[in-house]
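Coordinate inspection notes
Here is how the chains run, residue by residue.
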Amino acid sequence: MPLSASAAALAAGVFAQSEALAFGKTPEQVKAEGTPDWLIPHRVFEGSRPSNTLVADRLTPEMLGKLVALYEHYVFTQGSIWNINSFDQWGVELGKVLAQRILPELESQSEPTLGHDSSTNNLIRRYRRLKAT
């Protein structure tokens, strides 16, 4: 199935970010483009920044599982480097307790009175609106 022009534009943006992270832009390159001297420091990008760009033929349940596993490995490795327990069980337990308060508000037939912070309240309202459509 051929991709649309908008899909190609999105892919070009993703691939360009990978290239920018890898190679950046030197002050000499920016100056050669005719950029005013005062703006050069703002247009320079260091490069040599590691990144991964993943491309799959299709998003299948198997591929989604692989992406989740890759992300979990990334989080674990980053946490190990920073000496952070990325899979802190106490934090997970807190999430479970809070979820027990939120679940009835998501499932309620009538509009519940919400007593969370504004962000959580808005997430619940949005979910309920989407569920109603």
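1. Quick notes on the overall build of the chain
- A count of helices and strands for the chain gives 6 helices and 0 strands.
- By the compact-globule yardstick of 14 Å for 133 residues, the chain is too spread out, its C-alpha radius of gyration being 23 Å.
- For the chain, the C-alpha atoms occupy an extent of roughly 65 × 45 × 40 Å along the three principal directions.
- As displayed, the chain has an accessible area near 11,300 Å², and 61% of this comes from carbon and sulfur atoms.

2. Brief notes about the confidence of the model for the chain
- For the chain, the average pLDDT comes to 92, and 98% of its residues sit at 70 or higher.
- By mean pLDDT, the top-scoring element of the chain is helix H2 (residues 27-32) (96), and the lowest-scoring one is helix H5 (residues 89-107) (90).

3. What to know about the pattern of salt bridges
- Summed over all chains, the structure comprises 6 salt bridges.
- One salt bridge in this structure joins Glu33 and Lys25, with 2.5 Å as the shortest N-O distance.
- The shortest N-O distance in the salt bridge between Glu93 and Lys96 comes to 3.8 Å. Of this pair, Glu93 and Lys96 are both found in helix H5, 3 residues apart, which corresponds to roughly one turn of the helix.
- Under the relative-accessibility criterion, Glu93 is labelled partly exposed at 33%.

4. Some details on the side chain of Asn121
- Within the secondary structure, Asn121 sits in helix H6 (residues 118-132).
- Those residues in contact with Asn121 that sit more than four places away from it in its chain are Leu114, Gly115 and His116.

5. Some thoughts on unusual backbone geometry
- Unlike most non-glycine residues, Ser48 shows phi in positive territory, near 55°.
- Looking at where Ser48 falls in the secondary structure, it is placed in the loop between helix H3 (40-43) and helix H4 (61-82).
- Of the residues examined, Ser48 reaches a relative accessible area of 66% and is grouped as exposed.
- One non-glycine residue, Asn83, adopts positive backbone phi at about 60°.
- On the secondary structure map, Asn83 appears in the loop between H4 and H5.
- With a relative accessible area of 72%, Asn83 lands in the exposed category.

Thresholds, definitions, all that
- Residues numbered from 1 in each chain as written.
- Predicted model: local features only at pLDDT ≥ 70, side-chain atom pairs only at ≥ 80, totals over all residues.
- Heavy atoms only, no water.
- Helix = DSSP H or I, 4+ residues; strand = E, 2+ residues; numbered from the N terminus.
- Rg over C-alpha atoms; globule rule 2.2 N^0.38 Å.
- Areas by Shrake-Rupley, 256 points an atom, 1.4 Å probe, with all protein chains shown as cover.
- pLDDT = per-residue confidence, 0-100.
- Salt bridge = Lys/Arg side-chain N within 4 Å of Asp/Glu carboxyl O.
- Buried < 20%, exposed > 50% of the residue type's maximum accessible area, 1.4 Å probe, protein only.
- Contact = heavy atoms within 4.5 Å.

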